[in-house]
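Now for the letters of each chain:
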Amino acid sequence: MRLVLYQPEIAANVGAAIRICTCFGALLDIIEPCGFPYKHKDIRRVGMDYGTLSEPVRHDSWLAYAGADHGAARLILLTTTGDTDLGQLDFRADDRIMIGQESAGVPDDVRNVCDVTARIPLAPGARSLNMAVAAAIALADARRQLGYG
């Protein structure tokens, strides 16, 4: 199980994602460029010492990430406009869960190569969740289904 952050814009969210991945036994990929200097103090502050337990894999660009060998792993995009309700998704151990930029999501060319687009159901009138919260919900559901084995 991997969490993939597409060009994150807020350092504290990356710190939270590092901590979340460590706690849920997932690996983290970061597709650059980021909207902040990567060694930003907020990453360390929010991520605490979890970064030493689960060092993120950084990719220079979307093309670099997309060109890497991911085997048969599915790429699942979490988006408010997803076609599949997260609760209806049957996770696989090698799934890659991607979250787009906080302000803009992902561009159409990235969305179009995703195997699944999934949404977290929200109350009427609610627009979206913080990306780290959405990641935690998705990884918790995946672990509920798959366990940690």
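Residues numbered from 1 in each chain as written. Predicted model: local features only at pLDDT ≥ 70, side-chain atom pairs only at ≥ 80, totals over all residues. Heavy atoms only, no water.

Draft legend 1. Spatial organisation of the UniProt feature "binding site: S-adenosyl-L-methionine" (unreviewed entry) in the protein. Mapped onto the present numbering, the UniProt feature "binding site: S-adenosyl-L-methionine" (unreviewed entry) falls on L78, G100, I120 and S128. On the basis of their most widely separated C-alpha atoms, the annotated residues across 51 residues gather in one place, lying no more than 14.2 Å apart. Setting aside chain neighbours within four positions, we find I120 in contact with L86, L129, A134 and I137. Within the fold, S128 resides in the loop between β7 (116-119) and α6 (131-146). The exposure class assigned to S128 is exposed, which follows from its relative accessible area of 53%. (UniProt positions renumbered as here; feature names shortened; annotations may be inferred. Contact = heavy atoms within 4.5 Å. Helix = DSSP H or I, 4+ residues; strand = E, 2+ residues; numbered from the N terminus. Buried < 20%, exposed > 50% of the residue type's maximum accessible area, 1.4 Å probe, protein only.)

Draft legend 2. Geometry of the sheet that holds strand β6 (residues 96-99). With respect to topology, seven strands assemble into an open sheet ordered β3-β2-β1-β6-β4-β7-β5, the strand pairing being parallel. If you trace the sheet from one side to the other, it starts and ends with β3 (57-59) and β5 (84-85), each paired once. Note: strand β2 (residues 27-31) against β3, three bridges, orientation parallel. Residue pairing in the sheet places D29 in a bridge with V57 of β3. Together, β1 (2-6) and β2 form the strand contacts of helix α1 (residues 11-24), whose direction differs from that of β2 by roughly 155°. Contacts between α6 and the sheet are confined to β1, β4 (75-78) and β6, with β6 contributing the most and set at about 160° to the helix. (Pairing = 2+ DSSP bridges. Axes fitted to C-alpha atoms, helices over the stretch in contact; angles between N-to-C directions.)

Draft legend 3. Representation of the pairing of β1. With four of five residues buried, β1 is to be regarded as a mostly interior element. Taken together, β1, α1 and β2 form a β-α-β motif whose crossover is right-handed. Pairing analysis gives four bridges linking β1 to β6, with the strands arranged parallel. Note that in β6 the partner of L5 across the bridge is I99. (Right-handed = clockwise from strand over helix to strand, strands pointing away.)

Draft legend 4. A look at the nonpolar core. The biggest cluster of nonpolar side chains holds 32 residues, and the ones touching the most others in it are L3 and L5. Secondary-structure elements contributing two or more residues to this core are β1, α1, β2, β4, β6, β7 and α6. The next biggest cluster of nonpolar side chains, apart from the first, holds eleven residues, and it includes Y6, W62, Y65 and V106. (Core = buried A, V, L, I, M, F, W, Y, C linked by side-chain atoms within 4.5 Å.)

Draft legend 5. Structural context of unusual backbone geometry. Here the residue pair E32 and P33 is connected by a cis peptide bond, since its omega of 10° sits within 30 degrees of zero. Structurally, P33 can be placed in the loop between β2 and α2 (41-47).

Draft legend 6. Spotlight on α6. When the terminal C-alpha atoms of α6 are compared, their 22 Å separation across 16 residues agrees well with the 22 Å that a helix rising 1.5 Å per residue should span. Within the span of α6, buried status applies to M131, A132, A134, A135, A138, L139, D141, A142 and R143. Packed against the buried residues of α6 are β1, α1, β4 and β6. Its side-chain oxygen placed 2.7 Å from the backbone nitrogen of A132, N130 serves as the N-cap of α6. Just beyond α6, the residue with positive phi is G147, at close to 75°. (Expected span 1.5 Å × (residues − 1). Polar contact = N/O pair within 3.5 Å; in protein donor to acceptor, adjacent residues only side chain to side chain.)

Draft legend 7. Inspection of the pattern of salt bridges at higher detail. Tallied over the entire structure, the rule returns four salt bridges. Note that R58 and E32 form a salt bridge whose closest N and O atoms lie 2.6 Å from each other. Taken together, the residues R58 in strand β3 and E32 in the loop between β2 and α2 connect sequence positions 26 residues apart. R74 is the partner of D95 in a salt bridge, and the nearest nitrogen-oxygen pair spans 2.7 Å. In this pair, D95 is assigned in the loop between β5 and β6 and R74 in the loop between α4 (62-67) and β4, connecting sequence segments 21 residues apart. Comparing D95 with R74, the two get one shared label, buried. (Salt bridge = Lys/Arg side-chain N within 4 Å of Asp/Glu carboxyl O.)

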